[in-house]
Amino acid sequence: MTISERSLQRLLDKEEIRDVMYQWSRGVARKDWDLVKSCYAEGARDNHGTVNSDVDGFLDWMRGYHQFIEQVIFYSTNLIIEFVDDDHAFVESHGISFQRHGPEARAARASFLGPEWIDREIALNIYFSGRKLDEFARTKEGWRITQRTQVYEAVRAEPATDGLKGSTDDLLVSRRDDMDALYAARERAGLSRKARLF
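Residues numbered from 1 in each chain as written. Predicted model: local features only at pLDDT ≥ 70, side-chain atom pairs only at ≥ 80, totals over all residues. Heavy atoms only, no water.

Helices and strands together make up the secondary structure of the protein, namely 5 helices and 6 strands. Ordering the α and β elements of the protein from the N terminus gives α-α-β-β-α-β-β-α-β-β-α. Whereas a compact globule of 198 residues would reach a radius of gyration of roughly 16 Å, the protein reaches 18 Å, a difference of no more than 12%. A separation of at least 24 residues holds for 62% of the contacts in the protein among residues at least 6 apart in sequence. Of the roughly 11100 Å² of accessible surface on the protein, 53% is carried by carbon and sulfur atoms. (Helix = DSSP H or I, 4+ residues; strand = E, 2+ residues; numbered from the N terminus. Rg over C-alpha atoms; globule rule 2.2 N^0.38 Å. Contact = heavy atoms within 4.5 Å. Areas by Shrake-Rupley, 256 points an atom, 1.4 Å probe, with all protein chains shown as cover.)

Right under this line is the structure:
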């Protein structure tokens, strides 16, 4: 492989790794757990702090954690991708998450804010910032996460306003299921409703 071929391959690999990172966020935001799982290699681990386990154990925790979280949006930024060799990479990324927790999300809010928040009958806006430290490997399916470590930087909570209610033709409000506007928009563009990694 020439230097220019190697440089081109590195660019292609970086784009695929970025896509995995972004699709992971999309999957969590829409509670598309199959999409989230497809971002990991077989036998991968996710060390998220409140749960540190294999991917199936992590996803079981995520399903419970996100059950009563009404809205979520993620920003993944500052992706630094370093190649260990042609088939392994290390990625550090910064992340910000905005989450609206309904009053029923007691266990989720207690995980990060403490037990004094469990019985508060109010909705909360919770803002997280942190970093993900990811190990990637090239698999037969493509680049996948083999180990993720979540590092938390800050968390802040405040009482939520009533928030946006329902959708109209002019005002679309996000949903955390396959009835979100994303899926109809994908179909209009000529794509399948559900996103999948290449």
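This paragraph deals with the side chain of Asp13. For Asp13, the location among the structural elements is in helix α1 (residues 3–29). Judged by relative accessible area, which is 2%, Asp13 ranks as buried. (Buried < 20%, exposed > 50% of the residue type's maximum accessible area, 1.4 Å probe, protein only.)

Our focus in this paragraph is the nonpolar core. In this structure, Ile17, Trp24, Tyr40, Phe58 and Phe136 are the most contacted members of the largest nonpolar core, which totals 34 residues. The greatest single-element share of this core, amounting to 6 residues, is contributed by helix α3 (residues 55–65). (Core = buried A, V, L, I, M, F, W, Y, C linked by side-chain atoms within 4.5 Å.)

A few words on the pairing of strand β6 (residues 142–159). Sheet analysis places strand β1 (residues 40–47) next to β6, joined by 4 bridges and oriented parallel. By the bridge assignment for β6, Asn47 is matched with Thr149. Where strand β5 (residues 124–139) and β6 come together, 16 bridges link them in antiparallel fashion. Counted as the bridge partner of Thr139 is Gly142 from β6. (Pairing = 2+ DSSP bridges.)

Okay, the pattern of salt bridges next. Summed over the entire model, instances satisfying the criterion amount to 18 salt bridges. Measuring nitrogen to oxygen at the nearest pair gives 3.2 Å for the salt bridge that ties Arg63 to Asp60. Separated by 3 residues within a single helix, Arg63 and Asp60 lie in helix α3, roughly one turn from each other. Asp60 gets classed as exposed once you look at its relative accessible area, which sits at 52%. Asp177 is the partner of Arg175 in a salt bridge, and the nearest nitrogen-oxygen pair spans 2.7 Å. Each of Arg6, Arg10 and Asp86 takes part in salt bridges that share partners, so that together they form one network. (Salt bridge = Lys/Arg side-chain N within 4 Å of Asp/Glu carboxyl O.)

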